[in-house]
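Geometric and topological summary
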Amino acid sequence: MKKRLAILLVFAMLAALSSCAGTEPADTLDYTTPPVSTETPAETTGDTTGATEKPELPEPTLTVTEEVDWEHNAVKITVSGDGMYYLPQIRGEYIENYRYEVGVNSSGRMQAFPLPMASPVVLYYPISAYKRDTTPTEIVKVDAAGKTYREEYSFSLDIASMLPDEPIELQDEFLHAAMTDFFGGEYSQRDLFSIGELFIDYHRLAFQSYDREPNLIQIRKESSDTPVNYYYSDFFDTPVEETPSLISDAMLEDLKLFRGLYSLLLQEKWDSGNREKYIEIMQQVATGYEVTELPRDQWGY
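How each quantity is defined
- Residues numbered from 1 in each chain as written.
- Predicted model: local features only at pLDDT ≥ 70, side-chain atom pairs only at ≥ 80, totals over all residues.
- Heavy atoms only, no water.
- Helix = DSSP H or I, 4+ residues; strand = E, 2+ residues; numbered from the N terminus.
- Expected span 1.5 Å × (residues − 1).
- Buried < 20%, exposed > 50% of the residue type's maximum accessible area, 1.4 Å probe, protein only.
- Arc of directions from axis to C-beta.
- Contact = heavy atoms within 4.5 Å.
- 1 Å grid on protein atoms, 1.4 Å probe; cavity = no way out; pocket = protein on both sides within 12 Å on 5 of 7 lines; lining within 4 Å.
- Points joined across faces, edges and corners; volume = space filled by probe spheres on them.
- Nonpolar A, V, L, I, M, F, W, Y, C, P; charged D, E, K, R; others polar.
- Salt bridge = Lys/Arg side-chain N within 4 Å of Asp/Glu carboxyl O.
- Lys, Arg positive; Asp, Glu negative; His and termini not counted.
- Polar contact = N/O pair within 3.5 Å; in protein donor to acceptor, adjacent residues only side chain to side chain.
- Phe/Tyr/Trp six-rings, centres within 6.5 Å; stacked < 30°, edge-to-face > 60°.
- Lys NZ or Arg CZ within 6 Å of the ring centre and 35° of its normal.
- Patch = residues over 30% accessible without salt bridge, like charges linked within 9 Å, V, L, I, M, F, W, Y side chains within 5 Å.
- Areas by Shrake-Rupley, 256 points an atom, 1.4 Å probe, with all protein chains shown as cover.

**Observations concerning helix α7 (residues 275-287)**
Here α7 spans 18 Å end to end across 13 residues, near enough to the 18 Å set by a 1.5 Å rise per residue. Where α7 is concerned, the buried positions are Y278, M282 and V285. End-on view of α7: buried residues confined to an arc of 60°, all on one side of the axis. As for α7, its buried residues are in contact with α2 (127-132), α6 (249-254) and β17 (263-267). Downstream of α7 by one or two residues, G288 has phi in the positive range, about 80°.

**Examining the layout of surface pockets**
The computed volume of the largest pocket comes to approximately 540 Å³. Taken together, 21 residues form the lining of the largest pocket, with N73, K256, I281, Q284 and V285 sitting closest to its centre. Contributing elements (two or more residues each) for the lining of the largest pocket: α6 and α7. Residue classes in the lining of the largest pocket are distributed as 10 nonpolar, five polar and six charged.

**Considerations on the pattern of salt bridges**
Once the charged atoms of two side chains with opposite charge are near each other, the side chains can pair. Across all of its chains, the model carries 14 salt bridges by this definition. Salt-bridge contacts for E290 lead to R91; the nearest nitrogen and oxygen are separated by 3.0 Å. Of this pair, E290 sits in the loop between α7 and α8 (296-299) while R91 is found in the loop between β3 (84-86) and β4 (100-104), placing the two residues 199 residues apart along the sequence. Assessed through its relative accessible area of 29%, E290 is described here as partly exposed. Between E138 and R150 there is a salt bridge, with its nearest N and O atoms 3.0 Å apart. One end of the pair, E138, is in strand β8 (residues 137-142); the other, R150, is in strand β9 (residues 148-153), with 12 residues separating them in the sequence. Connected via shared salt-bridge partners are E59, K141 and E151.

**Observations concerning the side chain of R212**
As for its placement among the helices and strands, R212 is situated in strand β14 (residues 212-213). One buried charged residue, R212, forms no salt bridge at all, with the nearest opposite charge on E241 at 7.4 Å. Here the side chain of R212 touches H203 through a polar contact of 3.2 Å, side chain to side chain.

**Re the packing of aromatic side chains**
For the structure on display, the rule yields 14 aromatic pairs. When the centroid spacing of 5.1 Å and the interplanar angle of 90° are considered together, the rings of F182 and F183 count as edge-to-face. A relative accessible area of 22% means that F182 is categorised as partly exposed. Among the aromatic residues, those joined into a ring-pair cluster are F174, Y202, Y230, Y232, F235 and F236. Over the ring of F193 we find K131; its NZ or CZ atom is 4.8 Å from the centre of that ring. Over the ring of Y262 we find R132, and its NZ or CZ is 4.2 Å from the ring centre.

**Examining a nonpolar patch on the surface**
On the surface, a cluster of nonpolar side chains totalling about 230 Å² of accessible area is made up of V102, V104 and M110. Assignment of secondary structure puts V102 in strand β4.

**As for unusual backbone geometry**
Glycine aside, negative phi is the norm for most residues, and most peptide bonds take the trans geometry. Between S119 and the following residue, P120, the backbone shows a cis peptide bond with an omega angle of 0°. Topologically, P120 is positioned in the loop between β6 (117-118) and β7 (121-126). Backbone geometry places N97, a non-glycine residue, at a positive phi of 50°. Summarising the element assignment, N97 is placed in the loop between β3 and β4. One non-glycine residue, H203, lies in the positive phi region at around 55°. Tracing the sequence through the fold places H203 in the loop between β12 (197-201) and β13 (204-205). On the basis of relative accessible area, H203 is assigned to the buried category, the value being 17%.

**Looking at helix α4 (residues 173-182)**
All buried positions along α4 are accounted for by F174, L175, A177, A178 and M179. Looking at the buried residues of α4, the elements they touch are β11 (187-188), α5 (189-193), β12, β15 (216-220), β16 (228-231) and α6. Near the N-terminus of α4, the side chain that reaches the backbone nitrogen of F174, with its oxygen 3.2 Å away, is that of D172. After α4 finishes, the residue G184 shows a positive phi value of roughly 70°.

Given below as structure tokens:
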């Protein structure tokens, strides 16, 4: 009996196998995996950084022109080219449409720091500063990507040679007498250009006694020079009490011919009422033509 059951089981298994022989096999590929590309891969090199780097821009061009602006006693300097520019060594007050940002400097004080400006950049540099500035000034060029290039530029104008060399005579008799002695005779506008400092003191009072002393004109070409003093009494016999207490309008007009002054101090009788006028004149000489106003008082610098 057992032998018969075993034979029947063998026949049943053979029948099952023959019935599956015509069935297609199931597809077992995972289509979540992308098919293999048949395209030939592009050649690659070991350096793959070039694909993300921006192409390097050419260095911006630079053109600088200079011309004397006699009205403002300044040299008009124009910086132009195909980039943006700023001049870190030049005061922002001298630059037209000056762009800046306010920050704290190394001394802990607020300061206006320059920002790149579109071409052309125009500045008015005081003639007195131009004359004394013998070192090159720095111009920073900025390309479209913000990369900076620093270049030194040397001033090229000979201001003295542009001034008349013919003898002149100043209107104020005291100032004329002082200049005649200082230059040993005749003098010209070119000669006056060599003077860097003037101190004019009228209605001088002696220390403690407050007695009137002769009016004074003090002259220096450079700050390192020994000052040369001229007193009203050196040229005129007028009693001290009768000498002028106020600086004349003629002298103020004469001072416009001293284009090389970097220091000017005017003093007269304390209650003359001209203090504000003299401060303005002295500031014009000391600081030059300020084409842009910066709120220095607000920031304390």
